[in-house]
Number of protein chains: 2
Amino acid sequence: MAAWSERLAGVRGVLLDISGVLLDGGKDGGVPIPGSVEALARLKRSQLKVRFCTNESQVSRKDLVGLLRHMGFDISEGEVTSPAPAACLVLKERGLRPHLLVSDGVRSEFHRIDTSKPNCVVIADAGESFSYQNVNKAFQVLMELENPVLISLGKGRYYKQTSGLMLDVGAYMKALEYACGIEAQVVGKPAPEFFQSALREMGLEAHEAIMIGDDIVGDVGGAQSCGMRAVQVRTGKFRPSDEHHPEVKADGRDSPCLSYPTSHLGARGWAGSLQSRHVTTGIQQPAHRVLLTQRTGVPCPVCAGATKG
Amino acid sequence: MAAWSERLAGVRGVLLDISGVLLDGGKDGGVPIPGSVEALARLKRSQLKVRFCTNESQVSRKDLVGLLRHMGFDISEGEVTSPAPAACLVLKERGLRPHLLVSDGVRSEFHRIDTSKPNCVVIADAGESFSYQNVNKAFQVLMELENPVLISLGKGRYYKQTSGLMLDVGAYMKALEYACGIEAQVVGKPAPEFFQSALREMGLEAHEAIMIGDDIVGDVGGAQSCGMRAVQVRTGKFRPSDEHHPEVKADGRDSPCLSYPTSHLGARGWAGSLQSRHVTTGIQQPAHRVLLTQRTGVPCPVCAGATKG
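Residues numbered from 1 in each chain as written. Chains lettered and ligands numbered in written order. Predicted model: local features only at pLDDT ≥ 70, side-chain atom pairs only at ≥ 80, totals over all residues. Heavy atoms only, no water.

**Student:** An account of the relation of the copies chain A and chain B is requested, with residue identities and associated values reported.
**Tutor:** These two copies of the chain differ by a rotation about an axis and a displacement along the same axis. Laying chain A over chain B is done by rotating through 180° and shifting 0.0 Å along the axis; what remains is an RMSD of 0.0 Å. The operation mapping one copy onto its partner corresponds to a two-fold rotation axis. A symmetric contact is evident, with 100% of the interface residues of chain A recurring at the interface of chain B. (Least-squares fit on C-alpha atoms with pLDDT ≥ 70 in both. Contact = heavy atoms within 4.5 Å.)

Pasting the structure below:
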């Protein structure tokens, strides 16, 4: 594999996942991942373009941004690409009237959509609303349709909350796919259209952007399929086995000296990698230095350019 | 395809599914499928051996038999092969201590099983107990295991109740498989071991028995994989699209003149096929006559020996 400087040449913008990268969700909205508020502030002062690319579908984009701003993040609604608004566009374009298997928190995103006489099902991360009764109702709606259409806002397997790992929408999408003998259409990561829409908003080509996320398939694999490069952080849902994923290899990971919370050096995930004077003074260094410069004196096998499997 | 007389030659015993064949589940245990009580009585007076092979896992075998007897069916506990007792044998043999994702109604089947410090998950048709919290707990248990073992009592997609189609255990099995990146071990139909255990109880070889069920994959495909022949009824979860299933072709279906409830002749599913003097007088006719003799004067394309696709 090429050296870091080569692998990250020409990067002009960063797409950031939110859950597991900026914060760990949980009670009262969760907690910021230590250092991430400051790191985002520095990143936004740099010359790199920044956009947020999330599969969050349990709350509306407005409420999500409100929560993040309350935590101190520099973020606005217009900077966020999220699946519910994207799904509304698809529904309108195709004349689809959804039965919504979603949480109450995201229902407002669909207030302009006709939900009478449903001819499809939209499934989102519904959390506690994934009762047997609600899931079964969606199943029955699908089974009554001649051509059942299931639209899934992302297909994540699970995410991390402060209380532990939590089943994500993808698990329930698979349940309905199997029960109905159909294949869902995914709006959100890892669908190429979703990444491309985020890139359009940034005015960048795929080869000019890098995705930073905690999901080896949804973030890393999805972005790479679109021609982007992608780094997996060791926070959020990251698990050591991701480093040996049979199909997806990240273009990099935050290095051992930067990982959180297991690092013996006490640094803090991807955020730690941005705590560098190179960012605070603007992008005067190659992107790989901005993203991966170590902030300790201890040699790091990643940012020193060691090859990775 | 060969004529019926050839296809059913040498049948000495019948394996009967319960839900969708004898009864449609629902409120207060559901209702018998019209004619099935009388048909079973006649079948048991014949020289054919009869056994019940069910994936019912929401109630214990004892309670299931109690319900059926209350409805008037001639059935005893010892005649029923069901997945919970079979799973207990597997758990004991392999020293597994399950976390149970099951309904309260079947929990008594596991009362002799050590459930402390779980090293596997057993999932059954839990119905309303498939809350997000319960499914997520099972997911978390699996994710904490070094070698996650998921044992599923059947893998049915759905079943029919009087109130409509209901999601079965298979949908939730798929959800956990996807979320954890594992493959479940199925105890129950269509696992070959399960059919073989029922055949052993009957003292029959596979080629001597015929399975009658409403599930084209679990009943028909499963039995055929073991070398049995299998008929799909047009009651329960049967859907017209089953007749064009891409992988499984039934050895026969109850004929149009016998189907329930759509038949213009008013006959009643597989039960109707047994309302024949051939059964009441013992098996003096070839099995295909016993199972498929029409009871009206109207020519029927199945029991008249027409070939099927």
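**Student:** Before we move on, can you summarise the pattern of salt bridges with the specific residues and values?
**Tutor:** Enumeration over the complete set of coordinates arrives at 22 salt bridges over all chains. Salt-bridge contacts for R234 of chain A lead to E243 of chain A; the nearest nitrogen and oxygen are separated by 2.9 Å. Its relative accessible area of 26% is what places E243 of chain A among the partly exposed residues. The salt bridge involving K237 of chain B is made with D215 of chain B; its shortest N-O contact spans 3.0 Å. (Salt bridge = Lys/Arg side-chain N within 4 Å of Asp/Glu carboxyl O. Buried < 20%, exposed > 50% of the residue type's maximum accessible area, 1.4 Å probe, protein only.)

**Student:** Outline the environment of G35 of chain B, supporting the account with residue identities and numerical values.
**Tutor:** Residues and elements named next belong to chain B. Its place among the elements puts G35 in the loop between β3 (31-32) and α2 (36-45). You can call G35 buried: its relative accessible area is 13%. For the pair G35 and L22, spaced 13 residues apart in the sequence, the C-alpha separation amounts to 8.9 Å. (Helix = DSSP H or I, 4+ residues; strand = E, 2+ residues; numbered from the N terminus.)

**Student:** Run through the interface of chain A and chain B, naming residues and quoting values.
**Tutor:** Taken together, the 31 residues of chain A in the interface contact 31 residues of chain B. Of the roughly 2,700 Å² buried between chain A and chain B on both sides combined, carbon and sulfur atoms contribute 63%. Sorting the residues of chain A by area buried against chain B places Y132, L167 and Y178 of chain A first, and these three jointly supply 32% of that buried surface. Put simply, chain A and chain B have zero salt bridges between them. Counting across the interface, chain A meets chain B through 16 residue pairs in polar contact (both at pLDDT 80 or more). Elements supplying a minimum of two residues to the side of chain A that touches chain B: α5 (132-144), β9 (158-161), β10 (164-167) and α6 (169-180) of chain A. Considering every element that reaches the side of chain A that touches chain B, the biggest residue donor is α6 of chain A, with eight residues. (Buried area = accessible area lost by both parts, 1.4 Å probe. Polar contact = N/O pair within 3.5 Å; in protein donor to acceptor, adjacent residues only side chain to side chain.)

**Student:** Give a description of the sheet that holds strand β13 (residues 229-232) of chain B that names residues and reports values.
**Tutor:** Residue and element names in this part refer to chain B. As summarised here, the arrangement of the six strands in space is β5-β4-β1-β12-β13-β14, forming an open sheet in which the pairing is parallel. Each end of this open sheet is capped by a strand with a single partner; those strands are β5 (80-81) and β14 (252-253). Bridging between strand β1 (residues 13-16) and strand β12 (residues 209-213) involves four bridges; their strand directions are parallel. Opposite L15, over in β12, you have M211 as the bridge partner. Set on the sheet, helix α7 (residues 192-202) makes contact with β1, β4 (49-53), β5 and β12; between it and β4 the angle comes to about 150°. (Pairing = 2+ DSSP bridges. Axes fitted to C-alpha atoms, helices over the stretch in contact; angles between N-to-C directions.)

**Student:** Describe the side chain of N55 of chain A, listing the residues and the values that go with them.
**Tutor:** Residues and elements named next belong to chain A. Position of N55 among the secondary structure elements: in the loop between β4 (49-53) and α3 (61-71). Polar side-chain contacts of N55 include one of 2.8 Å to the backbone nitrogen of K189. Apart from the residues lying within four places of it in its own chain, the contact partners of N55 are P83, L153, G154, K155, G188, K189 and F194.

**Student:** Can you lay out the pairing of β10 of chain A for me, pointing to particular residues and giving the numbers?
**Tutor:** Taken residue by residue, a regular strand's side chains alternate between the two faces of the sheet. All names here are of chain A. Summarising the sheet, β9 and β10 pair through four bridges and their orientation is antiparallel. Within the sheet, the bridge partner assigned to Y158 lies in β10 and is L167. Hairpin connection, β9 to β10: the antiparallel pair is bridged by two residues.

**Student:** So what's going on with the sheet that holds strand β7 (residues 120-123) of chain A? Residues and values would help.
**Tutor:** All names here are of chain A. In spatial order, the strands read β6-β7-β8-β11; together these four strands make up an open sheet with parallel pairing. The sheet is open, and its two edges are formed by β6 (98-101) and β11 (185-187), each paired on a single side. Recorded for the sheet is a direction-independent mean angle of 25° between the axes of neighbouring strands.

**Student:** Please set out helix α4 (residues 83-94) of chain A residue by residue, giving values where relevant.
**Tutor:** Residue and element names in this part refer to chain A. With twelve residues, α4 ought to run about 16 Å at 1.5 Å a step, and its terminal C-alpha atoms sit 16 Å apart, in line with that. Contacts from the buried residues of α4 go to α3, β6, β7, β8 (150-153), β11 and α7 (192-202). One or two steps after α4, the chain reaches G95, where phi turns positive at roughly 65°. (Expected span 1.5 Å × (residues − 1).)

**Student:** Let's hear about the side chain of H245 of chain B: which residues, and what values?
**Tutor:** All names here are of chain B. Relative to the elements of secondary structure, H245 occurs in the loop between β13 and β14. A distance of 3.1 Å separates a polar atom in the side chain of H245 from the backbone nitrogen of V248. Here H245 is in contact with I216 and V217, once residues within four sequence places are set aside.

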